[in-house]
Amino acid sequence: MELREQMALIDRFICQANALYGEWAKRQGLTYNTLMVLCSLDQPDPRTQKQIAEERMLPKQTVNSIVKELERKGWIQYLDGLERRERPLSLTEAGRAQLHPLLERMYQMEDRVMDRMGPDLCQSLLEGQGAFAQALAEEVRNGGD
């Protein structure tokens, strides 16, 4: 298989995985972007809107809109900090109660997928995706020409 064909397949598989997460999110009453924000907020360390946007490769305005909606629902809160966009966010107790069961179902689904793949293929995927992302970042940052 030629490199161009391989790249087309990689692109297709990445898009397919994202679309499947979007489909799963929709069945939970969420958008893909909201799910991605919630996954960032479900980490041990609080995140700022800027960190979430960078982590999940989402536009800052998209993150801001999602944060406003989650705050209206009482699911997240700002922690002490500087300006609003630079203040860390965390889930409230109500947010945890509402979202942890949902995220746990997603994590269990991912665990089943990883079990089906087996440890060797999971490790290869991790190494391959990491190497691809790093090489692509270097190319893009060097002008990509």
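What counts, and at which threshold
- Residues numbered from 1 in each chain as written.
- Predicted model: local features only at pLDDT ≥ 70, side-chain atom pairs only at ≥ 80, totals over all residues.
- Heavy atoms only, no water.
- Core = buried A, V, L, I, M, F, W, Y, C linked by side-chain atoms within 4.5 Å.
- Buried < 20%, exposed > 50% of the residue type's maximum accessible area, 1.4 Å probe, protein only.
- Helix = DSSP H or I, 4+ residues; strand = E, 2+ residues; numbered from the N terminus.
- Contact = heavy atoms within 4.5 Å.
- Salt bridge = Lys/Arg side-chain N within 4 Å of Asp/Glu carboxyl O.
- Expected span 1.5 Å × (residues − 1).
- Axes fitted to C-alpha atoms, helices over the stretch in contact; angles between N-to-C directions.
- Parallel < 35°, antiparallel > 145°, perpendicular 65-115°, else oblique.
- Nonpolar A, V, L, I, M, F, W, Y, C, P; charged D, E, K, R; others polar.
- Patch = residues over 30% accessible without salt bridge, like charges linked within 9 Å, V, L, I, M, F, W, Y side chains within 5 Å.
- Areas by Shrake-Rupley, 256 points an atom, 1.4 Å probe, with all protein chains shown as cover.
- Polar contact = N/O pair within 3.5 Å; in protein donor to acceptor, adjacent residues only side chain to side chain.
- Bend = angle between axes of the 7 residues up to and from the residue.

Student: If you had to explain the nonpolar core to someone new, which residues and values would you point to?
Tutor: Side chains of nonpolar character tend, in soluble globular proteins, to be buried together. Residues Leu35, Val37, Leu41 and Leu70 are the most contacted members of the largest nonpolar core, which totals 25 residues. Elements represented by at least two residues in this core include exactly helix H1 (3-27), helix H2 (32-41), helix H3 (49-56), helix H4 (60-72), strand E1 (76-78), strand E2 (89-91) and helix H5 (93-117). Those residues in contact with Leu41, other than ones at most four positions away along the chain, are Ile52, Leu70, Ile76, Leu89 and Leu91.

Student: So what's going on with the pattern of salt bridges? Which residues, and what values?
Tutor: Per the stated rule, a full pass over the model turns up four salt bridges. Taking the shortest distance from any N to any O, the salt bridge between Arg27 and Glu23 comes out at 3.5 Å. Of this pair, Arg27 and Glu23 both sit in helix H1, separated by four residues, roughly a single helical turn. Residue classification places Glu23 among the partly exposed residues on the basis of a relative accessible area of 42%. In this structure, Arg72 engages Glu69 in a salt bridge whose closest nitrogen and oxygen atoms are separated by 2.9 Å. Placement of the pair is Arg72 and Glu69 together in helix H4, with a separation of three residues, close to one helical turn.

Student: If you had to explain H4 to someone new, which residues and values would you point to?
Tutor: Over its 13 residues, H4 runs 18 Å from end to end, which matches the ideal 18 Å to within 8%, given 1.5 Å per residue. Contact partners of the buried residues in H4: H2, H3, E1 and E2.

Student: Give me the lowdown on the packing of H2 against H5, citing residues and values where you can.
Tutor: Running from N to C, H2 and H5 cross one another at 100 degrees; their axes reach a closest spacing of 11 Å. Considering their axes alone, H2 and H5 lie roughly perpendicular with respect to each other. Between H2, through Leu35, Leu38 and Cys39, and H5, the contact on the second element is made entirely by Leu99, Leu102, Leu103 and Met106. Grouping the constituent residues of the contact of H2 with H5 by class yields seven nonpolar, no polar and no charged.

Student: An account of a nonpolar patch on the surface is needed here, citing residue identities and associated values.
Tutor: Taken together, the side chains of Met7, Ile10 and Ile14 make up a nonpolar region of the molecular surface, amounting to roughly 210 Å² of accessible area. One can find Ile10 in helix H1. Ile10 sits in the partly exposed class, given a relative accessible area of 31%.

Student: Can you explain the side chain of Arg47? Please cite residues and give values.
Tutor: With respect to the element layout, Arg47 can be found in the loop between H2 and H3. On the basis of relative accessible area, Arg47 is assigned to the buried category, the value being 16%. A distance of 2.6 Å separates a polar atom in the side chain of Arg47 from the backbone oxygen of Asp45. In this structure Arg47 touches Ser40, Ile52, Glu55, Arg87, Pro88 and Leu89, once residues within four positions along its chain are discounted.

Student: Go over unusual backbone geometry with me, naming the residues and quoting the values.
Tutor: The phi dihedral of Met57 falls on the positive side, at around 55 degrees, and the residue is not glycine. Relative to the assigned elements, Met57 resides in the loop between H3 and H4. We classify Met57 as exposed; its relative accessible area is 70%.

Student: Let's hear about H5: which residues, and what values?
Tutor: Between its first and last C-alpha, H5 extends 35 Å over 25 residues, near the 36 Å set by a 1.5 Å rise per residue. Of all the bends in H5, the greatest, near 35 degrees, is centred on Leu99, and the proline Pro101 appears no more than four residues after it. On the buried face of H5, the contacting elements are H1, H2 and E2. Once H5 finishes, Gly118 follows within two positions and takes phi at roughly 85 degrees, a positive value.

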